[in-house]
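Examining the three-dimensional arrangement
Spelled out from the first residue to the last, the chains are:
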Amino acid sequence: MPDRRAAPLGEDVRAAIGAAAARFGFSATPRLDAELLMAHALGISREAMILTRLGDPVPDGFAALVLRREAHEPIAYLTGNRAFWTIELTVGPGVLVPRADSETLIEAAVAHFAGRAGPASVLDLGTGSGALLLAALAEWPEARGIGLDASEAAIAVARDNVRRLGMADRARIETGGWDGMDGPHDLILCNPPYIATDAVLPLEVRVHEPATALFAGDDGLDDYRRIAQVLRPQIAPAAVACIEIGSDQGDSASALFRAQGMSVEVRQDLGGRDRCLVVTP
Ligand code: GLN
């Protein structure tokens, strides 16, 4: 067997991106993946790379990143960061990679507060990297917030993001679960685990991302059952809770919150799939 490490990836940046993309057939975005890894290896933005560096020699380190991607490591773990809403987050193994789908929760919150005072206090249940909390605090510069997580790895990453984004005076990251802290709050955000235990997932997700952030029992509803029981006292009057759901959980998850006396609307993501419960007390 030829040693793939020795296989030349290309003479220059442009050729190496093409060669790497051809190896990423398992990915939905092979070309983008290759460009992001190359920009990371060069230590510059993807835009700057495309504008000025395509003829450069291939940087040291690119080949190793390509091998790791071929083992289905998420791009965000390889580059160490991910854009979400208007902010850039540090991420790494141990925290869920922020997904564009989750921006649906911020859109729902923006829609709820349109034409009225923004939320003064924000709570993010299961904050992971801090993505939802910090995106909300970026959106409402007067707001303060708390992000809770049960995972020590997540708490370390989220606190790092608070510091990097200069939000230490407005954001606290603490150990905690669905019971919340210091409520009631004006905006509650939550992306809980909601995948059925035996669901078929891309290797990238199942092998590399934290199981505790993904799986929620046989029907994927275990965490909603618990959240529904403890949420209501955490939501202030005129407040809203935006809770992420799987695309087939609109009815089943809504019913759990309605059974506790709350009102629920379901909001769709950019792909038109059910993605967010908009819960009011
Ligand atoms: N949306 C994620 C996925 O499909 C799952 C996130 C979650 O369970 N909260 O991989």
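For the structure given in this document, a descriptive report is provided here. (Residues numbered from 1 in each chain as written. Predicted model: local features only at pLDDT ≥ 70, side-chain atom pairs only at ≥ 80, totals over all residues. Heavy atoms only, no water.)

Turning our attention to the packing of helix α6 (residues 103-113) against helix α7 (residues 131-139). Where α6 contacts α7, the two axes come as close as 10 Å, and the packing angle between them is 35°. Remark: the crossing between α6 and α7 carries right-handed chirality. Of α7, the residues touching α6 (which contributes L105, I106 and V110) are L132, A135, A136 and E139. Residues that form the contact of α6 with α7 fall into these classes: six nonpolar, no polar and one charged. (Axes fitted to C-alpha atoms, helices over the stretch in contact; angles between N-to-C directions. Helix = DSSP H or I, 4+ residues; strand = E, 2+ residues; numbered from the N terminus. Left-handed = near helix turned anticlockwise from the far one by under 90°. Contact = heavy atoms within 4.5 Å. Nonpolar A, V, L, I, M, F, W, Y, C, P; charged D, E, K, R; others polar.)

This next bit is on the site of the ligand. The ligand sits among L96, R99, N191, P192, P193, Y194, I195, V205, A213, L214 and E244. Interatomic distance of 2.9 Å between a side-chain N/O atom of R99 and an oxygen atom of the ligand. N191 places a polar side-chain atom, nitrogen or oxygen, 2.7 Å from a nitrogen atom of the ligand. Contact with the protein chains removes 87% of the 300 Å² of surface that the ligand exposes when unbound. Looking at the shell around the ligand, its residues break down into eight nonpolar, one polar and two charged. (Near = heavy atom within 4 Å. Polar contact = N/O pair within 3.5 Å; in protein donor to acceptor, adjacent residues only side chain to side chain. Areas by Shrake-Rupley, 256 points an atom, 1.4 Å probe, with all protein chains shown as cover.)

The subject of this paragraph is the pattern of salt bridges. As enumerated under the stated definition, the model contains 20 salt bridges in all. Close ionic contact of D269 with R273 constitutes a salt bridge, the shortest N to O distance being 3.2 Å. For D269, a relative accessible area of 5% corresponds to the buried category. Residue R273 is classed as partly exposed on the basis of its relative accessible area of 39%. (Salt bridge = Lys/Arg side-chain N within 4 Å of Asp/Glu carboxyl O. Buried < 20%, exposed > 50% of the residue type's maximum accessible area, 1.4 Å probe, protein only.)

Most of strand β3 (residues 121-125) is tucked away, with five of its five residues classed as buried. Taking every second residue as pointing to the same face, both faces of β3 are buried, with S121, L123 and L125 on one and V122 and D124 on the other. The sheet contact formed by β3 and strand β4 (residues 144-149) spans five bridges and is parallel. Paired with L123 across the two strands is I146, which belongs to β4. Note that the unit made of β3, α7 and β4 has a crossover that is right-handed. As defined by bridge partners, β3 adjoins strand β6 (residues 185-190) across four bridges and the pair is classed as parallel. Bridged to L123 within β6 is I188. (Pairing = 2+ DSSP bridges. Right-handed = clockwise from strand over helix to strand, strands pointing away.)

Two numbers describe how helix α1 (residues 13-23) lies on helix α4 (residues 62-70): the axes approach to 10 Å, and their chain directions differ by 15°. Here α1 lies roughly parallel to α4, going by the angle between them. Like other packed secondary-structure pairs, α1 and α4 cross with a definite hand, here right-handed. Residues A16, A20 and R23 of α1 form the contact with α4, whose participating residues are F62, V66 and E70. (Parallel < 35°, antiparallel > 145°, perpendicular 65-115°, else oblique.)

Bringing helix α10 (residues 222-230) into the picture now. Listing the buried residues of α10 in full gives D223, Y224, I227 and A228. Buried positions in α10, seen along its axis, are confined to an arc of 135° and lie on one side of it. Residues of α10 that are buried sit in contact with β6, β7 (235-244) and α11 (250-258). (Arc of directions from axis to C-beta.)

Limitation: the analysis is restricted to geometry and does not speak to function.
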